[in-house]
Amino acid sequence: GAVVSQHPSWVICKSGTSVKIECRSLDFQATTMFWYRQFPKQSLMLMATSNEGSKATYEQGVEKDKFLINHASLTLSTLTVTSAHPEDSSFYICSARVAGINTEAFFGQGTRLTVV
Amino acid sequence: DAKTTQPTSMDCAEGRAANLPCNHSTISGNEYVYWYRQIHSQGPQYIIHGLKNNETNEMASLIITEDRKSSTLILPHATLRDTAVYYCIVRVTYGGATNTLIFGTGTLLAVQP
């Protein structure tokens, strides 16, 4: 299957700082990327849908000013957690799909964010 | 998208077939059934998907009942590396790429040696 790469795999940051997570589709062009968050022992929760060249669509309850998403090219989307707090500590996962009928989504390996 | 119901957990002996059920009684005619799995601390991995016919690939088989209200994912010869949370998701697929995957709680499959 296609490869989606996230960077970094893990990050520890101080409370109040911002952290940027990158998501790249390595061997295909992703017109749409998705960002999920997963807390321990819970399922993935969709945060936002990111379309190349346009503003992201956020799910209800997700603060768009806190979780900044940029999808500047067909192979790169970034998620910036601004003014991070300990409650933002979580596993962040991106996903990408190719445009077309009945195409599956491919997931990155995830980024473990710990805010201290 | 239709809601799915899966058992919380299942055990399977190594080398035996693992049969993971999923109920999706409210599925509509244009919704596909997708299966993903997530090994601990990794991103989900695509396994298989189907609409109404049974499907098979190198990883698994997907059996969808004739009324499409339930399906079963079959791992023919489970190994210890198949221990993971398995998610059954139903999703409408249009021509574009914006359809999202909404994850339920999944089934934790524990393959025992």
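Coordinates for the structure precede this section.
Calculation rules
- Throughout this description, residue numbers start from 1 for each chain and increase along the sequence as written.
- Labels are handed out in written order, letters beginning with A for the chains and numbers beginning with 1 for the ligands.
- Local features are withheld for residues below a pLDDT of 70 in this predicted model, meaning they are given only at 70 or higher, and side-chain atom pairs are given and counted only at 80 or more; totals for whole chains, interfaces and linings count all residues.
- Side-chain measures were taken over the full set of non-hydrogen atoms in the model, leaving aside hydrogen atoms and water.
- In this text, helices come from DSSP runs of H or I with a minimum length of four residues, and strands from runs of E with a minimum of two, each type numbered from the N-terminal end.
- When a residue's accessible area, from a 1.4 Å probe over protein chains only, is under 20% of the maximum for its type it is buried; when over 50% it is exposed; and in between it is partly exposed.
- Here, residues are in contact when the closest pair of their heavy atoms is within 4.5 Å.
- To measure how exposed things are, a 1.4 Å probe is used in the Shrake-Rupley method; for residues, cover is taken only from the protein chains shown.
- Lys and Arg are tallied as positive, Asp and Glu as negative. Neither His nor the chain termini are counted.
- Taken as the charge centre is NZ of Lys, CZ of Arg, CG of Asp or CD of Glu, depending on the residue.
- Pairs of strands are assigned from DSSP output, requiring at least two bridges between the strands.
- Convention adopted: a line fitted to C-alpha atoms gives each axis, helices being fitted over their contacting stretch, and angles between N-to-C directions are expressed from 0 to 180 degrees.

Draft legend 1. Local environment of the overall build of chain B. Scanning chain B for helices and strands turns up zero helices and nine strands. Along its sequence from the N terminus, chain B presents helices and strands in the succession β-β-β-β-β-β-β-β-β. With the C-alpha coordinates aligned to their principal axes, the bounding extent of chain B is approximately 40 × 30 × 25 Å. Each of the 113 residues in chain B was classed as buried or not, and the buried ones make up 48%. Within chain B, counting contacts between residues at least 6 apart in sequence, those at least 24 apart form 57% of the total. Surface summary for chain B: the accessible area is close to 5600 Å², and the carbon and sulfur share equals 50%. Put simply, chain B has 8 plus and 9 minus side-chain charges, and the middle of one group is 3 Å from the middle of the other.

Draft legend 2. The arrangement of the pairing of strand 3 (residues 19-25) of chain A in detail. Residues and elements named next belong to chain A. Of the two faces of strand 3, the one holding Val19, Ile21, Cys23 and Ser25 is buried and the one holding Lys20, Glu22 and Arg24 is not buried anywhere. The pairing of strand 1 (residues 4-7) with strand 3 spans four bridges and is classified as antiparallel. Bridging across to strand 3, valine 4 finds its partner in serine 25. Direction of pairing for strand 3 relative to strand 8 (residues 76-81): antiparallel, over a ladder of six bridges. Bridging across to strand 8, valine 19 finds its partner in valine 81.

Draft legend 3. Spatial organisation of the environment of B:Asn19. All names here are of chain B. Relative to the elements of secondary structure, asparagine 19 occurs in strand 2 (residues 18-23). Between the C-alpha atoms of asparagine 19 and glutamate 55, which are 36 residues apart in sequence, the distance is 14 Å. Residues within four places of asparagine 19 in sequence aside, it is in contact with Met10, Thr72, Leu73 and Ile74.

Draft legend 4. Up close: the sheet that holds strand 7 (residues 67-73) of chain A. All names here are of chain A. If you walk across this open sheet you meet the four strands as 1-3-8-7, and the pairing is antiparallel. Edge positions in the open sheet fall to strand 1 and strand 7, since each of these has one partner strand only. Adjacent strand axes in the sheet meet at a mean angle of 15°, parallel and antiparallel pairs treated alike.

Draft legend 5. Examining the environment of B:Val33 more closely. Within the secondary structure layout, B:Val33 lies in strand 3 (residues 31-38). Considered as a pair, B:Val33 and B:Cys22 are eleven residues apart in the sequence and their alpha carbons are 9.6 Å apart.

Draft legend 6. Here's a closer look at unusual backbone geometry. Looking along the chain, the bond that leaves A:His7 and enters A:Pro8 is cis, with omega of 0°. Phi at A:Lys41 is positive, roughly 60°, even though this residue is not glycine. Examined against the element boundaries, A:Lys41 turns out to sit in the loop between strand 4 (32-38) and strand 5 (45-51). Given a relative accessible area of 90%, A:Lys41 falls into the exposed group. Located in the positive-phi region is B:Ser41, a residue other than glycine, with phi close to 65°. Along the chain, the position of B:Ser41 falls in the loop between strand 3 and strand 4 (45-50). Look at B:Ser41 and you get partly exposed, because its relative accessible area is 38%.

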